[in-house]
Amino acid sequence: MREIRNIAVIAHVDHGKTTLVDELLKQSGTFGERDETEDRMMDSNDIEKERGITILAKNTAIDYKDVRINIIDTPGHADFGGEVERVLKMVDSVLLLVDAQEGVMPQTKFVVKKALEIGHRPIVVVNKIDKPAGEPDRVVDEVFDLFDQMGASEEQLEFPVIYAAAKNGISKLALDDDNDNMIPLLDMILEEVPAPTGSDDNGLQLQVFTLGYDNFIGKIGIARIFNGTISMGETVTLVKADGEKVNGRVTKLIGFKGLEKMDIDKAGHGDIVAIAGFETVDVGDSLCDPKNPMPLDPLHIEEPTLSVTFAVNNSPLAGTEGKFVTSNKIQERLEAEMNTNIAMQFEAKGEAAFEVRGRGELQITILAENMRREGFEFSISRPEVIQKIENGVKMEPFEHLVCDVPDEFSGTVIETLGKRKAVMSNMVPMGDGQTRIEFEIPARGLIGYRGQFLTDTKGEGVMNHSFLEFRPYSGTVTSRSNGALVSMENGEAVAYSIFNLQDRGIMFVSPQDKVYGGMVIGEHSRANDLDVNPVKAKQQSNVRSSGADEAIKIIPAKDMSLEHALEWIEDDELVEVTPINVRIRKRELDPSARRRAEKQKKGL
Ligand SMILES: Nc1nc2c(ncn2[C@@H]2O[C@H](COP(=O)(O)OP(=O)(O)OP(=O)(O)O)[C@@H](O)[C@H]2O)c(=O)[nH]1
Ligand SMILES: [Mg+2]
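Residues numbered from 1 in each chain as written. Chains lettered and ligands numbered in written order. Predicted model: local features only at pLDDT ≥ 70, side-chain atom pairs only at ≥ 80, totals over all residues. Heavy atoms only, no water.

Chemist: So, the overall build of the chain: which residues are in play, and what are the values?
Modeler: Helices and strands together make up the secondary structure of the chain, namely 15 helices and 35 strands. In terms of overall dimensions, the chain is globule-like: its C-alpha atoms have a radius of gyration of 27 Å, near the 25 Å expected for 604 residues. Along the first, second and third principal axes, the C-alpha set of the chain runs to 90 × 60 × 60 Å. Taken across its 604 residues, the chain has 52% of its residues classed as buried. (Helix = DSSP H or I, 4+ residues; strand = E, 2+ residues; numbered from the N terminus. Rg over C-alpha atoms; globule rule 2.2 N^0.38 Å. Buried < 20%, exposed > 50% of the residue type's maximum accessible area, 1.4 Å probe, protein only.)

Here you go:
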């Protein structure tokens, strides 16, 4: 069988992983001359395309100099760090990309830590060397220091370095050589990435790292073969994470090349293939030789840090916009999600509610966004940080936060974050009037902060964070300082009332939007909640004041996307999600019940 190399591409968000994979696909001759290619080909699902970020790890394969190179592209956003963790075991080395200007960022640290722990010796790709403000040498030093801090071995510290401008399809061994293609990187992969260990002569050992689904062939496991061979039609043993064993027949064996998948008859150790025929297969499961099943260690993934409650929608508008609205349907959908996404967990909480745990707000938003596109309707509570008790001490997750802000805003940012219990760990001028400020902050303090940060920096700041560790509980942090404007009536919002209300705060609804008693229709400019009537029409008077109606000027409503809404709400509020609308509401719709609940809370 032909030689194989297996690598994953890892980095902080946006450092150019998917773009680099595009170029490796194109320049290895994987596509025919006439094949159409587009940008970021591996970002294949809708939300990935819309947002321009990678969410799911995906594999592809190229053939270069008769060697099969399997490449796994991974997401860089911290919330999807679980995807990176689970693929690191499936490869023999990694391409660690670092932006020549941004340098080491929070998620660079996270992925480096995980890669070094597994024993990989990364190839460091300093990418985006075409950026005028890039400082590739400084970045290499930063990476070296990072490896050193993370306890890298001598061998790992002697990492190979290559410079690249993935967007232009260029890689070079030295900054001053004028190579203009990806050949140096491809050659480096052949040379520096260890060939897979194991042997075709051993019994089968294969581990599933991703699931797929096909309407005709059912559930598909994408897996790395660590030992032995697997053939179409063969009977093998599926070993689940809990040790349960079932025999089954391989009904389809699929190989990868470029963006294509093809049926194959047989594959050997070291390769990455997709297998159908095992309806109960989950991520982390092994397929083994039935004569002597030796499963691989289950995949260990960092625990979730954030939880929210998904519940059946019980607002007065429930069931009017969604296709799937029942507790059963929601449960089935969440179960399906957790089978493919081992970084998330869920648990039924009472009759019609489910606690969903994940890595961050974006991960939870993407799940909710996918569900609403599929026709689901439900409510979501305010994200809560997961705490745990260790040796009798209450512990909570902390994050490493990096803010790049124009110099003049650094004071405000430091002050606001101080109130949220952040501790500044570093502050450096970046040139161009920008300052980089690093903090360690309880994850709780970050909930809902992004909106504030954008306001504080007039939209010019960039913030990034990544999970650090669990630390002792740090006390109360401040939350939203504005109250809500709450509708006291059911009906349709009327332009006249909105016009009169807009002095009181920022409106979330526009004329003709459906509203109900207890629905939040805006942000109050003061700290308290205010009950208001958005459906009141103008009193008809006998004297027609000509032209007065047309003179009404309505400020456009603030668009509360799912993400904004989740960041904005407090504990006594919910986000109502339907395929058509995202609304914010009070948990208690009835005003007197709301007041009672408030009193009770204060009494505690
Ligand atoms: N100037 C410059 N821009 C680049 C280069 N490589 C990628 N980019 C740009 O950087 C942005 C992010 O690229 P992606 O390939 O999506 O980055 P990624 O690392 O896959 O991002 P995530 O998967 O979301 O973590 C895109 O706008 C690319 O065009 C480069 O070499 N130079
Ligand atoms: Mg990507």
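Anyway, onward from the coordinates.
Chemist: Describe the pattern of salt bridges, and please don't skip the residues or the numbers.
Modeler: Applying the stated rule across the entire model yields 47 salt bridges. Of the charged contacts, one joins R68 and D63 as a salt bridge, the two residues approaching to 2.8 Å between their closest N and O atoms. A cluster of three or more residues bridged by salt bridges with shared partners is formed by R2, D63, R68 and K257. (Salt bridge = Lys/Arg side-chain N within 4 Å of Asp/Glu carboxyl O.)

Chemist: Describe the site of ligand 1, with residues and values.
Modeler: Among the 17 residues in the neighbourhood of ligand 1, the closest are listed as K17, T18, T19, T54 and D130. A distance of 3.1 Å separates an oxygen atom of ligand 1 from a polar backbone atom of D14. One nitrogen or oxygen atom from the main chain of H15 is found 3.4 Å from an oxygen atom belonging to ligand 1. Contact with the protein chains removes 87% of the 660 Å² of surface that ligand 1 exposes when unbound. The dominant element in the shell around ligand 1, judged by the number of residues it contributes, is helix α1 (residues 17-27), at 3 residues. A per-class count over the shell around ligand 1 returns 4 nonpolar, 7 polar and 6 charged. (Near = heavy atom within 4 Å. Polar contact = N/O pair within 3.5 Å; in protein donor to acceptor, adjacent residues only side chain to side chain. Areas by Shrake-Rupley, 256 points an atom, 1.4 Å probe, with all protein chains shown as cover. Nonpolar A, V, L, I, M, F, W, Y, C, P; charged D, E, K, R; others polar.)

Chemist: Go over the coordination of the magnesium ion (ligand 2) with me, naming the residues and quoting the values.
Modeler: Taken together, T18 (OG1) and T54 (OG1) make up the protein donors of the magnesium ion (ligand 2), found 1.9 to 2.0 Å from the metal. Here T54 lies in the loop between α2 (46-51) and β2 (58-64) and T18 lies in helix α1, a separation of 36 residues in the sequence. (Donors = N, O, S within 2.8 Å, 3.2 Å for Na, K, Ca; no water.)

Chemist: Summarise empty space enclosed by the protein; cite the residues concerned and give the values.
Modeler: The gaps of empty space that remain are located by a probe, the size of a water molecule, rolled over the atoms. Summed over all chains, the structure comprises 2 cavities of 30 Å³ or more. There is about 100 Å³ of room inside the largest cavity. Forming the boundary of the largest cavity are A78, D79, Q107, F110, E302, E303, R359, E399, H465, S466 and F467. Taken together, the elements giving at least two residues each to the lining of the largest cavity come down to α4 (106-118) and β27 (462-472). In terms of residue count, β27 provides more of the lining of the largest cavity than any other element does, 3 residues in total. Across the lining of the largest cavity, the residue classes break down as 3 nonpolar, 3 polar and 5 charged. In this structure, the second largest cavity occupies an estimated 40 Å³ of space. (1 Å grid on protein atoms, 1.4 Å probe; cavity = no way out; pocket = protein on both sides within 12 Å on 5 of 7 lines; lining within 4 Å. Points joined across faces, edges and corners; volume = space filled by probe spheres on them.)

Chemist: Describe the pairing of β2, with residues and values.
Modeler: Burial analysis of β2 places 6 of its 7 residues in the buried class, the great majority of the element. With antiparallel pairing between neighbouring strands as the criterion, β2 and strand β3 (residues 67-73) make up a hairpin whose turn holds 2 residues, including K65 at a positive phi of roughly 50 degrees. (Pairing = 2+ DSSP bridges.)

Chemist: Quick rundown of helix α9 (residues 361-373)? Include the residues and the values.
Modeler: Between its terminal C-alpha atoms α9 stretches 18 Å, which fits the 18 Å expected from 13 residues at 1.5 Å a residue. Taken across its 13 residues, α9 has 11 buried, putting it largely inside the fold. The set of residues buried in α9 consists of E361, L362, Q363, I364, T365, I366, L367, A368, E369, M371 and R372. G375 occupies a position one or two residues after α9 and carries a positive phi of about 105 degrees. (Expected span 1.5 Å × (residues − 1).)

Chemist: Would you mind going over the confidence of the model for the chain in detail, with residue names and values included?
Modeler: Mean pLDDT over the chain: 91, with 97% of residues reaching 70 or higher. Across the chain, the secondary-structure element scoring lowest on mean pLDDT is helix α15 (residues 591-603), at 84, and the one scoring highest is strand β5 (residues 123-127), at 98. (pLDDT = per-residue confidence, 0-100.)

Chemist: Can you tell me about the sheet that holds strand β16 (residues 272-276), naming the residues and giving the values?
Modeler: Across the sheet, 8 strands lie side by side as β12-β11-β17-β8-β9-β16-β13-β14; this open sheet has antiparallel pairing. For this open sheet the edge positions go to β12 (245-249) and β14 (260-263), each flanked by a neighbour on one side alone. On average, each strand axis in the sheet is inclined to that of its neighbour by 35 degrees, with strand direction left out of account. The sheet contact formed by strand β11 (residues 235-239) and β12 spans 5 bridges and is antiparallel. Paired with V236 across the strands is G248, a residue of β12. (Axes fitted to C-alpha atoms, helices over the stretch in contact; angles between N-to-C directions.)

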